[in-house]
Amino acid sequence: MKTGQNTISSFQLFSMIYIFRMVATFTYMLRIRAPLESTDRAIMAIAYFVFSLLFALPVFLCIGKQPYNSVLTLAGTNRHKWTKPVAMYYAFTFIWAAGVAAARFSLFSGIVLLQQENLNIFIFVLLAVSIYCASKGLEPLARAGSVMSVLLFVSLILMTGTVIKDFDTLYLQPPLQSGLSAVIYQGFHSACRNIETTSLLFTASHTKGNLRKGYLIWLVFFCVQLAALFLLVGGIAAEYGNLQMFPLYTLAALAKIGILERMDDLLTGVWVICALLKIAYLLHTSVAAIEEGFQNKYNRNKLLIAGGILVFAANLFLSQNIEFFGKFIASPVNPVLFMIATVVLPLLIFAKNRTKKTAVRGKT
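Since the structure is predicted, the reported quantities are computational estimates derived from the model, not experimental observations.

Caption draft 1: Highlighting the overall build of the chain. Within the chain one finds 14 helices and 2 strands. Counting all 364 residues of the chain, 57% fall into the buried class. The long-range share in the chain, meaning contacts at least 24 apart out of those at least 6 apart in sequence, stands at 86%. Total accessible area on the chain is roughly 15900 Å²; 67% of this is exposed by carbon and sulfur atoms.

Caption draft 2: Examining the nonpolar core more closely. Judged by nonpolar contacts, the single largest core of 119 residues is most densely connected at Leu 13, Met 16, Tyr 90, Leu 152, Trp 218 and Trp 271. Per element, the largest residue contribution to this core is 17 residues, and it comes from helix α4 (residues 79–113). Once residues lying within four places of it in the same chain are set aside, the contact partners of Trp 271 are Val 23, Phe 26, Phe 105, Phe 108, Leu 152, Tyr 249 and Ala 252.

Caption draft 3: Highlighting the packing of helix α2 (residues 38–63) against helix α8 (residues 195–203). At a closest axis distance of 9 Å, the pairing of α2 and α8 adopts a crossing angle of 5 degrees. The orientation of α2 with respect to α8, classified from their angle, is roughly parallel. Within the contact between the two elements, α2 uses Phe 55, Ala 56, Val 59, Phe 60, Cys 62 and Ile 63 and α8 uses Thr 197, Leu 200 and Leu 201.

Caption draft 4: Focus on a nonpolar patch on the surface. On the surface, a nonpolar cluster with roughly 490 Å² of combined accessible area is contributed by Val 150, Phe 153, Val 154, Ile 157, Leu 158 and Phe 221. Structurally, the position occupied by Leu 158 is in helix α6 (residues 138–163).

Caption draft 5: Region of the structure containing helix α10 (residues 247–254). Of all 8 residues in α10, 7 are buried, a share of seventy percent or more. Every buried residue belonging to α10 is among Pro 247, Leu 248, Tyr 249, Thr 250, Leu 251, Ala 252 and Ala 253, and all of these are buried.

Caption draft 6: Just helix α12 (residues 300–318), in detail. If you check α12, its first and last C-alpha atoms are 27 Å apart, about what 19 residues at 1.5 Å a residue would give, namely 27 Å. Here α12 has its buried residues at Arg 300, Leu 304, Gly 307, Gly 308, Val 311, Ala 314, Asn 315 and Leu 318. Along α12, the residues classed as buried sweep out an arc of 125 degrees about the axis, all on the same side. In α12, the exposed positions angled more than 90 degrees off the buried face are occupied by Lys 302, Ile 309 and Leu 310. Residue Asn 299 occupies the N-cap position of α12, its side-chain oxygen lying 3.0 Å from the main-chain nitrogen of Asn 301.

Caption draft 7: Looking closely at the confidence of the model for the chain. Chain-level statistics for the chain give a pLDDT mean of 83 and a share of 86% at 70 or above. The secondary structure element of the chain with the lowest average pLDDT is α10, at 73, and the one with the highest is α8, at 94. Across residues 1–5, where pLDDT falls below 50, the model places 9 contacts with residues more than four positions away in sequence or in other chains.

Caption draft 8: Region of interest: the packing of aromatic side chains. Applying the stated criterion across every chain, the model contains 22 aromatic pairs. Measuring from centroid to centroid gives 5.4 Å for Phe 317 and Phe 328, while their planes differ by 90 degrees, and the two rings are edge-to-face. Taken together, the residues span a long stretch of sequence, with Phe 317 in helix α12 and Phe 328 in helix α13 (residues 322–330) at a distance of 11 residues.

Caption draft 9: Here's a closer look at the pattern of salt bridges. A full pass over the atoms with the stated rule returns 4 salt bridges. Between Glu 139 and Arg 143 there is a salt bridge; the shortest N-O distance is 3.4 Å. Of this pair, Glu 139 and Arg 143 both sit in helix α6, separated by 4 residues, roughly a single helical turn. Using a relative accessible area of 33% as the deciding quantity, one classes Glu 139 as partly exposed. For Arg 143, a relative accessible area of 44% translates into the label partly exposed. Among the ionic pairs, Glu 291 bridges to Arg 300, the shortest N-O distance being 3.1 Å. The exposure class assigned to Glu 291 is buried, which follows from its relative accessible area of 8%. A cluster of three or more residues bridged by salt bridges with shared partners is formed by Arg 21, Glu 196 and Lys 278.

Caption draft 10: How the structure looks around the environment of Leu 267. With respect to the helices, strands and loops of the structure, Leu 267 is situated in helix α11 (residues 264–293). Leu 267 gets classed as buried once you look at its relative accessible area, which sits at 0%. A sequence separation of 108 residues divides Leu 267 from Met 159, and the C-alpha atoms of the two residues are 9.1 Å apart.

Caption draft 11: Up close: the side chain of His 284. The residue His 284 is located in helix α11 in this model. Side-chain polar atoms of His 284 contact the side chain of Arg 300, separated by 2.7 Å.

Rules used in this analysis
Residues numbered from 1 in each chain as written. Predicted model: local features only at pLDDT ≥ 70, side-chain atom pairs only at ≥ 80, totals over all residues. Heavy atoms only, no water. Helix = DSSP H or I, 4+ residues; strand = E, 2+ residues; numbered from the N terminus. Buried < 20%, exposed > 50% of the residue type's maximum accessible area, 1.4 Å probe, protein only. Contact = heavy atoms within 4.5 Å. Areas by Shrake-Rupley, 256 points an atom, 1.4 Å probe, with all protein chains shown as cover. Core = buried A, V, L, I, M, F, W, Y, C linked by side-chain atoms within 4.5 Å. Axes fitted to C-alpha atoms, helices over the stretch in contact; angles between N-to-C directions. Parallel < 35°, antiparallel > 145°, perpendicular 65-115°, else oblique. Patch = residues over 30% accessible without salt bridge, like charges linked within 9 Å, V, L, I, M, F, W, Y side chains within 5 Å. Salt bridge = Lys/Arg side-chain N within 4 Å of Asp/Glu carboxyl O. Expected span 1.5 Å × (residues − 1). Arc of directions from axis to C-beta. Polar contact = N/O pair within 3.5 Å; in protein donor to acceptor, adjacent residues only side chain to side chain. pLDDT = per-residue confidence, 0-100. Phe/Tyr/Trp six-rings, centres within 6.5 Å; stacked < 30°, edge-to-face > 60°.

As structure tokens, then:
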């Protein structure tokens, strides 16, 4: 894929990232790790902010300034040693992240929406539509993401407006009841789920605008909203909210507006579309990695179908039950995959590329 083709704006890119992070937030499972009080979960947003900034530094070192690079542009300076293995690793990482997203949404739907019904057909259809959306390219995904970000934000404002009257600070627990280390630990793990930061290594070269500024604005906006939502849960649902598997869904279920008996009726439809777009985006990015690494040797649609099959297999593996999913997600697997893709490989590739440029200058 060449720079300039299928180009999107920085606003469109971070609109997509916003809805992807928000749908993950609303399917956040409270009891997967050591539980935190709502006040501590709000403080966790600060740790998430710091770790997300740190993890983004190697990414921005690699992509440089406009016109932005792809990580494989730098890896390609040693093509026979770097490009194909790096491409395969990134493709696997994005496919795995899509599988985790599908399994998380499958469990959320089965537990909260459809009461433990078998959702394999539903997820299969969701993935089929995601493959179709991914086949249309980055620009249509970005346009849809921009529209959905507005709809999601307005929905959250409406939800907040209907429940804020019940907020009482007396329901909030004193901060750091579980200790600062538990807050930092969960902030680290939450930041390691931000696969969208990793995806910038491949989408930056197709994006116009200031990505550094856009990333910072998005991160501040998201973290403030994240902290506010967790405080709302604590100040409205109190201990009841802490007993729920999906505390932010509980907040939506308590909200009522007009003819809608509960706001979750509206938000659920929005979340389904956002989950679909997230999986489509990750499929697109995984295929982009293979195309760049193997110089477009393979049919794009076949790669997308193969990726969709792998995502469905990962979903079947992870969504066996909530306990299995919880143990696997709480394991070091995801942080290790993320750190290698987002920190280790970009730093190694950047350093090797910089060393080679220095050697060339020395010879001249």
